[in-house]
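Breakdown of the fold
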Amino acid sequence: MYHSHVNVAVQDNAGLLGGFIVEDPSKQNLPQHKDYLCLLQEWAVHQLPWGTLTKGTYPLNFKKPEFNFFTMNGKCYPSTKSFPVNFGDTVKIRFGNIQMHHHPIHLHGHQFHVVGADGFPIARHTQIAKNTILVASGETWDIEFLANNPGIWPLHCHMPHHVTNNGAPGVGGMFTTVNYG
Ligand SMILES: [Cu+2]
């Protein structure tokens, strides 16, 4: 991951950050290997009362660490991009979190193995199987699973406020799906 270290509370929380993917050369040309990056971000827009969602253009607020919009790769659900897979794929998703809060990311329908931490691989015999991975501030975690359960499966933060848009009714925020083609 990379991010600003100048006026961090403003520049990082305004989105001056990103991620590099270093691909495994033994896998990058395999059609049955998917490799995705999912950057987690949070945003503070304080002109909207909590629980409401009115379309408009609002300034970001950098004065209080109170976030009310939560994104995956820069988008809130329902605008998040889903992760397409095919039956039989091995699917790697690399999660990165640079900002303030931790995000327990939960995948439905599959157990995954935790294969990397902070950019380094985890030895195969020490990889654990989970379906929620806590991505704390400053961390990256890489997960990998076999696409063996066709469907449209939610992939989302498990903090209830983080799967809303400003607490408004309905699903929002850090929510997307793994979609079988
Ligand atoms: Cu979260």
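A brief look at the structure comes next. Computed from a predicted model, the values in this text were never measured in an experiment.

1. Here we look at the layout of surface pockets
Here the largest pocket defines a volume of roughly 600 Å³. Contributing to the lining of the largest pocket are 30 residues, with Val22, Lys92, Arg94, Gly119 and Asp142 lying nearest its centre. In the lining of the largest pocket, the residues fall into twelve nonpolar, eight polar and ten charged.

2. Looking at unusual backbone geometry
Cis geometry marks the peptide bond from Tyr77 to Pro78, where omega comes out at 10°. Among the secondary structure elements, Pro78 is positioned in the loop between β4 (69-72) and β5 (83-85). The residue Asn73 is not glycine, and still its phi comes out positive at about 50°. As for its placement among the helices and strands, Asn73 is situated in the loop between β4 and β5.

3. Things to note about the coordination of the copper ion
Octahedral six-donor coordination of a metal ideally yields angles of 90 or 180 degrees, compared with 109.5 degrees for tetrahedral four-donor coordination. Only His103 (ND1), Cys157 (SG) and His162 (ND1) from the protein coordinate the copper ion, and they sit 2.0 to 2.1 Å from it. Taken in sequence order, the residues that donate to the copper ion follow the motif H-x53-C-x4-H. Taken as a pair, His103 in strand β7 (residues 103-107) and His162 in the loop between β13 (152-157) and β14 (175-180) lie far apart in primary sequence, 59 residues in all. No difference in accessibility class separates His103 from His162, as the two residues are buried.

4. Quick word on the environment of Gly119
In this fold, Gly119 is placed in the loop between β8 (112-117) and β9 (120-121). Separated by 118 residues in the primary sequence, Gly119 and Met1 place their C-alpha atoms 8.7 Å from one another.

5. Examining the side chain of Gln41
Along the chain, the position of Gln41 falls in strand β3 (residues 33-43). With a relative accessible area of 8%, Gln41 lands in the buried category. Residue contacts for Gln41: discarding those within four places in its chain leaves Gly15, Leu17, Phe69, Phe70, Thr71, Gly74, Gln99 and Met174.

Cut-offs used in this document
Residues numbered from 1 in each chain as written. Predicted model: local features only at pLDDT ≥ 70, side-chain atom pairs only at ≥ 80, totals over all residues. Heavy atoms only, no water. 1 Å grid on protein atoms, 1.4 Å probe; cavity = no way out; pocket = protein on both sides within 12 Å on 5 of 7 lines; lining within 4 Å. Points joined across faces, edges and corners; volume = space filled by probe spheres on them. Nonpolar A, V, L, I, M, F, W, Y, C, P; charged D, E, K, R; others polar. Helix = DSSP H or I, 4+ residues; strand = E, 2+ residues; numbered from the N terminus. Donors = N, O, S within 2.8 Å, 3.2 Å for Na, K, Ca; no water. Buried < 20%, exposed > 50% of the residue type's maximum accessible area, 1.4 Å probe, protein only. Contact = heavy atoms within 4.5 Å.

Structural measurements only, silent on function.
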